[in-house]
Amino acid sequence: MRIVHYLNQFFAGVGGEEAAGNPPEVRDGAVGPGRALAAKLGSDYEIVATVFCGDDYAASNPSATEELLALVREASPDLLVAGPAFTSGRYGLACARIAAAAAREGIRAVAAMHPENPGLEEAEPAPVIESGKTAREMRPSIERLARAIETLSGGQELRQQDGRIGRAPRRNRLAEQAAAGRAVELLLARIGGDRERTEVPLPSFGSVTPSAPLADPASARIALLTEGALVPMGNPDRLESARATLWLRYGLDGLDQLEEGAFQSVHGGFSTVAANADPHRLLPLDVARELADEGRIGALHHEYLTTAGNGTQVATARSFGVEWAAELRQAGVQAAILTAT
Amino acid sequence: MSVASVHDGDRLGTGLRLLAHDVVEIGLGDETSYVDGRLSVGRREATAVLEHPALATVRLVCCSPGDRTRIVKVLDAVEPRCKGADGPPAGANGRLDPSAAGVFPGLLGPARLRGRGETHVLRGAAVVSAGFLPRAQEAVLQMAGAGSELSPLSATHSVVVEFEPAPGAPWEEVAAALRLGVLRLAAHLAQSALAVTPDSVDELEQVPAGSTGLPRVVAVTNIQTQGAFKDVLVYGRSMSGSLPTWIDPCELADGAVVSAQYGHPALKNPTFVHQNNPVVAALRASQDVELAGVVLCPEPVSEHEKRMVSEHAARLCAAVGADGAIVTKEGGGNADGDVALKLDALEDLGISAVGLFAEMAGRDGSAPGLVVAPTRANGLISTGNYDELVRMEATDRAVGGERLGIVDAAATDELEIPVAAIYGSLNPLGWGHLTCAAGP
């Protein structure tokens, strides 16, 4: 079986964060963790090529997946293996995206990462095998991955007992009892106090209870936030247009207006023409300054925070929220206006 | 015509007696008759009850379970029923008039409350309409082999009504004529069993006023209200723009709800399913609950109307003392919102609620299955994944059309189609056995 292995720049031995912007490359044979994997797999399997890429490049460049896939295709593998990525977010996303893209075009693929890796939900339809949290758990992670590859090569699907994580595909099947009868049984269980039983697990987006209104806005410090991907013209810090993995802060001191041409939205989920013509449509700085001048709010926070809310992983968005709240609280901000697109 | 009034209460009792006559064979004949389980559909009489200026021609074809037959472009299915001895008398010339059969109030005869007295049923039989109507998505019903198990209607002996519209007739009139004709034919067939001793008798109780101490459960039944060809009639009227209403389940058995909804092959509730409401039947069959009635709800399109209807439905359930409710829908992803909002609204009032959903999880079953999920009420039943493909072997015969547009193939060809195209397969009222779960 011909295998192509995907790694990030670190595990490929190219470098650390200083090499995170490196574009995709390919080498013949196994590299780094791939050698350990090959040793576990034995002579029926050959890692014919290793494709690798810098974490930043892979996570933020919209064409990265297609570029990587082209390199994978050239090696005409029977199977693409990506990772293990452990809890590394950018690496996990890259593994998930390359595995998903390969699977969609009919190349069998499997990725490996920790269940908390934000890439997990992007791997579908490719399966993901559980790995440890960090590279210290490389050996058991590689062993589990090797067993999974053997199962796949035998034509079987990976199941939970094979270490598969993430949402398993759901298949139709006939139940003994008609749906109406099952509904009555489920309802009786629910009335009886079983609040968990279900045939369709709910997506767990969570919910946030809004806090109480400000008692005294005239003495409050207010922050402006947006998920509309509003950044200075030219996007100097390379905010992604979709599936954001970073958020940014930009100063507002000395600005009363957001002039057309000085700011732009790089959001990939809506037409940005109107927002670019008048950035206040995303970030109401003009009105906020007026309110501050009139004394109706105490002060305006000296920075605004921005990210792109477009296909963002729920786990990623949740961590942004935690970081934003912590930062604003430290800065003495009592309330924030977060504009959504 | 005599119509039961409230003063007939003592004579009619407090429930509905369903006199069931089992049908084990069906065929066309010279005269309509029901003898020893064989239903003969009289060509001349049946054609006469279907006659309408909006229909140029009608053709009748009989199909039975196990036939190597595929019915395509299925529009509706109706179980043959008529009122019994307490119902309207024979019409002129001593002939029974199907329009006065006492069932399908508001469509055959006046829209008076039904659900008491005696009703004859030809059990195991159906009148099925099939053919082209605007907005009707092509529904496939395989009578034998792989795929037939997904459609509960493959187990019935059916007379299929094919039709050609009259030249120039507006499609709405064609649909109405066909609907009325099929109801009349169903009543006409049932009338052939009026003098026959039933094979079984079901005593359907009217809703009691909370005497047993068991949990009281309401069947909250959402019905589609999206205009012509995508509507459902309650006592002959659309519920579009209405607030929810409570009815006694016995009224359903007499045809209080008739489908005029021809979209969503797998996600529609045919008239047959309203007559035999599976949620009501399952609640009646349970020893552990008390049926507290049916709340019928329209499915408006806008979110604020969906919320309003949901709140009113929950309040109606609370008013009849419900401890629980089972919520069902009709239609695609938009209608998920109606179920989700009602489940949350019911549980907010302290009424335990379970909803039936079909999943739209993609061909490989890996996408999120619900278009709109409840936020709090998490007790959900899956009636299967809409998108998964099913292979069906070729058949010897096709009824309802010669070609299938969805796959651009002859209607008798071997097919690979999504479950969504199989008539009744994901039935939102819980008719079928299909479900969906993770893993192999």
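Here we summarise the structure given alongside this text. Just so it is clear, the structure is predicted and the values come from calculations on it, not from any experiment. (Residues numbered from 1 in each chain as written. Chains lettered and ligands numbered in written order. Predicted model: local features only at pLDDT ≥ 70, side-chain atom pairs only at ≥ 80, totals over all residues. Heavy atoms only, no water.)

Comments concerning helix 4 (residues 89–104) of chain A
Residues and elements named next belong to chain A. Helix length check: helix 4, at 16 residues, gives a terminal C-alpha distance of 22 Å against a target of 22 Å (1.5 Å per residue), a fit within 8%. Among the 16 residues that make up helix 4, 12 are buried, leaving the element largely enclosed by the rest of the structure. Inspection of helix 4 places Tyr91, Gly92, Leu93, Ala94, Cys95, Ala96, Arg97, Ile98, Ala99, Ala100, Ala101 and Ala102 among the buried residues, and these make up the whole buried set. Gly106, located one to two residues past helix 4, shows a positive phi value of around 95°. (Helix = DSSP H or I, 4+ residues; strand = E, 2+ residues; numbered from the N terminus. Expected span 1.5 Å × (residues − 1). Buried < 20%, exposed > 50% of the residue type's maximum accessible area, 1.4 Å probe, protein only.)

With respect to unusual backbone geometry
Of note, the bond from Gly83(A) into Pro84(A) is cis; its omega dihedral lies within 30 degrees of zero at 10°. Turning to its location among the elements, Pro84(A) is positioned in the loop between strand 4 (79–82) and helix 4. At the junction of Glu124(A) and Pro125(A), the peptide bond is cis and its omega measures out at 10° in the coordinates. Here Pro125(A) shows up in the loop between strand 5 (108–113) and strand 6 (128–130). Backbone geometry at Phe229(B) places phi at a positive 70°, although glycine is not the residue there. Positionally, Phe229(B) belongs in the loop between strand 14 (216–224) and strand 15 (230–234). Given the relative accessible area of 9%, Phe229(B) is considered buried. Here His264(B), not a glycine, exhibits a phi torsion of approximately 55°, which is positive. On the secondary structure map, His264(B) appears in the loop between strand 18 (257–261) and helix 5 (271–275). Looking at His264(B), the relative accessible area reads 13%, which means it is buried.

Some remarks on the side chain of Ser265(A)
All names here are of chain A. Note that Ser265 resides in strand 12 (residues 263–265). Looking at Ser265, the relative accessible area reads 5%, which means it is buried. In terms of polar contacts, Ser265 uses its side chain to reach the backbone carbonyl oxygen of Gly228, at 2.7 Å. Look past the residues within four positions of Ser265 in its chain and what remains in contact with it is Gly228, Ala229, Leu230, Phe270, Thr272, Ala275, Asn276 and Leu282. (Polar contact = N/O pair within 3.5 Å; in protein donor to acceptor, adjacent residues only side chain to side chain. Contact = heavy atoms within 4.5 Å.)

A few points about the sheet that holds strand 18 of chain B
Residue and element names in this part refer to chain B. Strands sit in the order 16-15-18 across an open sheet of three strands; the sheet is antiparallel. Looking at which strands have only one partner, the edges of the open sheet turn out to be strand 16 (237–238) and strand 18. Summarising the sheet, strand 15 and strand 18 pair through five bridges and their orientation is antiparallel. Counterpart to Val232 in the pairing with strand 18 is Ser259. (Pairing = 2+ DSSP bridges.)

Looking at the environment of Gly168(B)
All names here are of chain B. Positionally, Gly168 belongs in the loop between strand 12 (157–165) and helix 3 (171–191). Classification of Gly168 as exposed rests on a relative accessible area of 78%. Between the C-alpha atoms of Gly168 and Ala193, which are 25 residues apart in sequence, the distance is 38 Å.

Considerations on the sheet that holds strand 3 (residues 33–35) of chain B
All names here are of chain B. Across the sheet, three strands lie side by side as 2-4-3; this open sheet has mixed pairing. Where the open sheet ends on each side, the last strands, each with one partner, are strand 2 (25–29) and strand 3. Direction aside, neighbouring strands of the sheet carry axes that sit 20° apart on average. Pairing geometry for strand 3 and strand 4 (residues 38–42), over three bridges, is antiparallel. Across the sheet, the residue bridging to Val35 is Arg38, located in strand 4. Here helix 2 (residues 43–50) sits on the sheet and contacts strand 2 and strand 4; the angle it forms with strand 4, its principal contact strand, is near 60°. (Axes fitted to C-alpha atoms, helices over the stretch in contact; angles between N-to-C directions.)

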